[in-house]
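Topology and contacts: notes
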Amino acid sequence: DRGEWESAEALLKESLPFWKASKYTFYLAQCLLMQGRMQLGSGRIDEALATLQDAKAKMIQIGAAGEVPEVDARIALCLVHQRKGGEALDIVADLLRKAEASRSVAKLASLIERVRALALLSLGRVEEARAAAGSSLAAARARADRFETALSLRALAEIDRASGAAPATEIVRESESL
């Protein structure tokens, strides 16, 4: 997620065969999740979606249900990039329901709200998107998560640009400083 896609891809290509051969499905699924994140970040959306769906299937297969919400959030982000905002919102709504009942899902609140913001933006629901991005930012700050804070600030800037306004200078400055 830090933009070092080539380095990440090289490391994942090196480790993926090991985890496949080891038949240790949990680590294979985690490796696939990281690979899907890398593919998503580098703009290979269809590839990312397939990889993330594979990771999810493996997690379900071994009973690692606690790991699935993060994968679902990344799948929803792929759907946003595929201009399927409605489908992404369905996944996000389910994740938000789970977050109310589970601490492990609640820790993903910033990611989930950011994906919700981008899905709403893709559907032209700018003010709702802005509110969701604000919730994402609040959740990131509450966890003192600098990386998610930066991503939430960038989402707010993207929403401003999409609505025809220049992003607030302090938002841009803070996101770049993190």
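Whatever comes next refers back to the structure up there.
The following refers to the structure shown. Note that this is a predicted model, so its numbers are computed, not measured.

1. Focus: the nonpolar core
With 43 residues, the main nonpolar core has Met59, Cys78 and Ile112 as its most contacted residues. Contributions of two or more residues to this core are made by helix H2 (25-41), helix H3 (45-61), helix H4 (68-81), helix H5 (85-101), helix H7 (109-122), helix H8 (126-142) and helix H9 (146-162). Element by element, the count of residues in this core is highest for H4, at nine residues. Counting seven residues, the second-largest nonpolar core is a separate cluster that includes Leu12, Leu16, Leu28 and Leu32.

2. Quick look at helix H1 (residues 5-22)
Look at H1: 25 Å from first C-alpha to last across 18 residues, which is about the 26 Å you get at 1.5 Å a residue. Of all bends in H1, the biggest is about 25 degrees, found at Ser15, and the proline Pro17 comes one to four residues later. Within H1, burial applies to Glu9, Leu12 and Leu16. Contact partners of the buried residues in H1: H2. Looking one or two places after H1, you find Lys23, whose phi comes out positive at around 60 degrees.

3. Overview of the side chain of Arg114
Here Arg114 shows up in helix H7. Excluding residues within four positions of it along the chain, Arg114 makes contact with Ser136, Glu148, Leu151, Ser152 and Ala155.

4. Looking at the packing of H2 against H4
Close contact between H2 and H4 brings their axes to 11 Å; oriented N to C, the two are set at 25 degrees. Judged on the interaxial angle alone, H4 and H2 are roughly parallel. H2 and H4 meet at a crossing whose hand is left-handed. Contact residues: H2 offers Leu33, Arg37 and Leu40, while H4 offers Glu70, Val71, Arg74, Leu77, Cys78 and His81. Classifying every residue of the contact of H2 with H4 by side-chain character gives five nonpolar, one polar and three charged.

5. Some points on the packing of aromatic side chains
Applying the stated criterion across every chain yields a total of five aromatic pairs. With a centroid separation of 5.5 Å and an interplanar angle of 70 degrees, the aromatic rings of Phe26 and Tyr27 are classed as edge-to-face. Classification of Phe26 by relative accessible area gives partly exposed; the value is 24%. Look at Tyr27 and you get partly exposed, because its relative accessible area is 37%. Linked through ring pairs, Phe18, Trp19, Tyr24, Phe26 and Tyr27 together constitute an aromatic cluster.

Here is what the cut-offs are and how they apply
Residues numbered from 1 in each chain as written. Predicted model: local features only at pLDDT ≥ 70, side-chain atom pairs only at ≥ 80, totals over all residues. Heavy atoms only, no water. Core = buried A, V, L, I, M, F, W, Y, C linked by side-chain atoms within 4.5 Å. Buried < 20%, exposed > 50% of the residue type's maximum accessible area, 1.4 Å probe, protein only. Helix = DSSP H or I, 4+ residues; strand = E, 2+ residues; numbered from the N terminus. Expected span 1.5 Å × (residues − 1). Bend = angle between axes of the 7 residues up to and from the residue. Contact = heavy atoms within 4.5 Å. Axes fitted to C-alpha atoms, helices over the stretch in contact; angles between N-to-C directions. Parallel < 35°, antiparallel > 145°, perpendicular 65-115°, else oblique. Left-handed = near helix turned anticlockwise from the far one by under 90°. Nonpolar A, V, L, I, M, F, W, Y, C, P; charged D, E, K, R; others polar. Phe/Tyr/Trp six-rings, centres within 6.5 Å; stacked < 30°, edge-to-face > 60°.

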